[in-house]
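# Commentary on secondary and tertiary structure
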Amino acid sequence: MSWDTETIKMLLEGVRDTLYMVLFSTLFGYLLGLPLGVLLAVSDRDGIRPRPVLYRILDIIVNILRSVPFLILLILVIPLTRLLVGKSYGSTATIVPLTIAAAPFIARMVESSLKEVDRGVIEAAVSLGAGIRTIIFQVLIGEARTSLLVGVTISLGTILGYSAMAGVVGGGGLGDIAIRYGYYRYETGIMIVTVVVLVALVQILQAIGMMLAKFLDRRRV
Amino acid sequence: MAFIEIEHLEKTYQAKSGDTEALKDVNFSIEEGEIFGIIGLSGAGKSTLVRCLNLLEKPSGGRIVIGGQELLKLTDRELRLARRDIGMIFQHFNLLMQRTVLDNVCFPLEIAGVRKRQARVEAVTYLEQVGLADKALAYPAQLSGGQKQRVAIARVLASKPRVLLCDEATSALDPQTTQSILQLLKEINERYRITMVVITHEMSVVEQICDRVAVLEYGRIVESGRTREVFDAPRTDAAKRLIYTKAYSETQSEGSGI
């Protein structure tokens, strides 16, 4: 295959589709994962509202979801994907399994970020008469914001990796191109280019995320 | 009835390895506007005691009455309101590190539902009182220990407390800074008639600002009285040990009480 405008166009569309899948999956992943992570951090034994039974249940659910291999999950949720999107292939459809895979992962990231917040600062807020909502939003999330942002960066990278895997079942995006051309048609050139583009995307997302996190961190002079 | 009444306060920590009685039948009362010191060696239960006074730590038994309110009988909501009247400052300051000094002082005002604009105006006046108005836009990480404690004091003042609990508030500071913080606390006590409970292992702190003092040993109050009297003529061994080894105890730096 020659490096004509068609190929370049296809690759650019691949980048677009990949970013589309990754960004929306991360967004939806956070819509589910952020509250879940907060719940985990708050309900744990040394959280601000210890609820051991609730924590145990959520903990198990998250662990189960996280231990299902993404490829299997991709196939398992096809009925749900059909229900929500109307079809089971293509970029939009892939957002469903990606979100389901991302949410528990994100919940863990959020949980660990929030648990890093200094206990003393939380106690100071309690001693000032802060309610649980203030503590969650102003103290936990406010103080952990750089760590949370690093979490977003890591999540983006992980979801990008997952999205490429979805190429196996016609998920669209760069992974799809790599599989169809590189693997099924033995066009190693295209496969390598796709992988390079994927690597570049991760690098860029990572760099932007870390820069933002550093910019927002006030703990250092 | 005194402003703060503590009766038969008990605190037992339960663990698999056995129960630990941190506080045993603690009784004392504090008059409004008084500065009351609680001294004791590390592990005597000082921190546990002061943390029981705003229920950061839940006592296992007893009564805590502050300003006529019996804390253990309050609902969650009532307790949150009561806590606004009971300020606390800490050994490690516990400021919000991602907020400016000004926004730290605004925090209790936000909790009280004061509008942002109004809160800022008010916060500046508290910062002026602790002599840090010029640092309003700095972040805590840019301040020295003494300055951080001043911010913490401005923050606690913003919630207009009637009681101030000081949990080893000067223990992480050098002697000179300790002096300036003690002076500030004294000023605040006189200006607002805030009742203060000062927990410390530094005898000089008690000597300088406390009207009365209680000596805590193994979770019990073994001696209490006017500071001068206790310091001049300690009756119990525990008090003698603390007071006569003053020079020694001051060179010891105590770890976190949190």
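Residues numbered from 1 in each chain as written. Chains lettered and ligands numbered in written order. Predicted model: local features only at pLDDT ≥ 70, side-chain atom pairs only at ≥ 80, totals over all residues. Heavy atoms only, no water.

## Here's the deal with the overall build of chain B
- A tally of regular secondary structure across chain B gives ten helices and ten strands.
- Since a compact globule built from 258 residues should have a radius of gyration of about 18 Å, the 18 Å found for chain B is in line with a globular shape.
- In terms of overall dimensions, chain B has a C-alpha envelope of 55 × 45 × 40 Å along the principal axes.
- Within the span of chain B, comprising 258 residues, buried residues form 57% of the whole.
- Separation of charge centres in chain B, based on 34 positive and 34 negative side chains, amounts to 6 Å. (Helix = DSSP H or I, 4+ residues; strand = E, 2+ residues; numbered from the N terminus. Rg over C-alpha atoms; globule rule 2.2 N^0.38 Å. Buried < 20%, exposed > 50% of the residue type's maximum accessible area, 1.4 Å probe, protein only. Lys, Arg positive; Asp, Glu negative; His and termini not counted. Charge placed at Lys NZ, Arg CZ, Asp CG, Glu CD.)

## A closer look at a nonpolar patch on the surface
Residues and elements named next belong to chain A.
- Taken together, the side chains of L71, I72, I75, L76, M165, V168, V169, Y183 and Y184 make up a nonpolar region of the molecular surface, amounting to roughly 850 Å² of accessible area.
- For the nonpolar patch, the secondary structure elements donating two or more residues are α3 (70–76) and α9 (173–184).
- Considering each element in turn, the nonpolar patch owes the most residues, four residues, to α3.
- Looking at the secondary structure, you find V168 in the loop between α8 (145–165) and α9.
- Exposure remark for V168: the relative accessible area of 38% places this residue in the partly exposed category. (Patch = residues over 30% accessible without salt bridge, like charges linked within 9 Å, V, L, I, M, F, W, Y side chains within 5 Å. Areas by Shrake-Rupley, 256 points an atom, 1.4 Å probe, with all protein chains shown as cover. Salt bridge = Lys/Arg side-chain N within 4 Å of Asp/Glu carboxyl O.)

## Details of the packing of aromatic side chains
Residues and elements named next belong to chain A.
- Applying the stated criterion across every chain yields a total of five aromatic pairs over all chains.
- With centroids separated by 6.1 Å and ring planes inclined at 45°, the aromatic side chains of F24 and F28 adopt a geometry described as tilted. With a gap of four residues between them, F24 and F28 both fall in helix α1 (residues 5–43), about one helical turn apart.
- Judged by its relative accessible area of 37%, F24 is partly exposed.
- By relative accessible area, which is 34% here, F28 ends up partly exposed.
- Every member of this aromatic cluster is reached through a ring pair, and the members are Y20, F24 and F28.
- Directly above the ring of Y181 sits R185, whose terminal nitrogen or CZ lies 4.3 Å from the centroid.
- For the cation-ring pair, R218 lies above F215, with the distance from its terminal atom to the ring centre recorded as 6.0 Å. (Phe/Tyr/Trp six-rings, centres within 6.5 Å; stacked < 30°, edge-to-face > 60°. Lys NZ or Arg CZ within 6 Å of the ring centre and 35° of its normal.)

## Some words on the layout of surface pockets
- Approximately 670 Å³ is the volume attributed to the largest pocket.
- Considering the residues around the largest pocket, the lining is formed by 25 residues, among which A:I48, A:R49, A:V126, B:L55 and B:R83 are closest to the centre.
- Listing elements by their share of the lining of the largest pocket, those giving two or more residues are α6 (119–127) and α7 (132–143) of chain A together with α2 (76–84) of chain B. (1 Å grid on protein atoms, 1.4 Å probe; cavity = no way out; pocket = protein on both sides within 12 Å on 5 of 7 lines; lining within 4 Å. Points joined across faces, edges and corners; volume = space filled by probe spheres on them.)

## Quick look at the sheet that holds strand β4 (residues 61–66) of chain B
Residue and element names in this part refer to chain B.
- With antiparallel pairing, the four strands of this open sheet are ordered in space as β2-β1-β4-β5. This sheet does not close on itself; its edge strands, each paired only once, are β2 (20–30) and β5 (69–70).
- Bridge analysis of strand β1 (residues 4–13) against β4 gives five bridges, and the strand direction is antiparallel. Note on β4: the bridge partner recorded for E10 is G61. (Pairing = 2+ DSSP bridges.)

## A look at empty space enclosed by the protein
All names here are of chain B.
- With the rule as written, the count across this model stands at one cavity of 30 Å³ or more.
- Approximately 50 Å³ is the volume attributed to the largest cavity.
- Residue lining of the largest cavity: C166, A169, T170, L182, L185, V198, I199, T200 and V205, and that is the complete set.
- Elements with a contribution of two residues or more to the lining of the largest cavity: α6 (175–192) and β8 (195–200).
- The element best represented in the lining of the largest cavity is β8, accounting for three residues.
- A per-class count over the lining of the largest cavity returns seven nonpolar, two polar and no charged. (Nonpolar A, V, L, I, M, F, W, Y, C, P; charged D, E, K, R; others polar.)

## Thoughts on the interface of chain A and chain B
- Every contact between the two is made by 25 residues of chain A and, on the other side, 26 residues of chain B.
- Around 2,200 Å² of area is buried between chain A and chain B when both sides are counted, 60% of it from carbon and sulfur atoms.
- Taken together, chain A and chain B are joined by one salt bridge.
- With its nearest N and O atoms 2.7 Å apart, the salt bridge here joins B:R51 to A:E123.
- Seen at the junction of chain A and chain B, the total is eight residue pairs in polar contact (both at pLDDT 80 or more).
- Considering every element that reaches the side of chain A that touches chain B, the biggest residue donor is α6(A), with seven residues. (Contact = heavy atoms within 4.5 Å. Buried area = accessible area lost by both parts, 1.4 Å probe. Polar contact = N/O pair within 3.5 Å; in protein donor to acceptor, adjacent residues only side chain to side chain.)

## Describing the confidence of the model for chain B
- Per-residue confidence for chain B gives a mean pLDDT of 92; residues scoring 70 or more make up 95%.
- Within the model, the stretch residues 253–258 of chain B combines pLDDT values under 50 with 15 contacts to residues more than four positions away or in other chains. (pLDDT = per-residue confidence, 0-100.)

## Things to note about the environment of B:G61
- You can see B:G61 is positioned in strand β4.
- Discounting chain neighbours no more than four positions away, the residues touching B:G61 are B:H8, B:L9 and B:E10.

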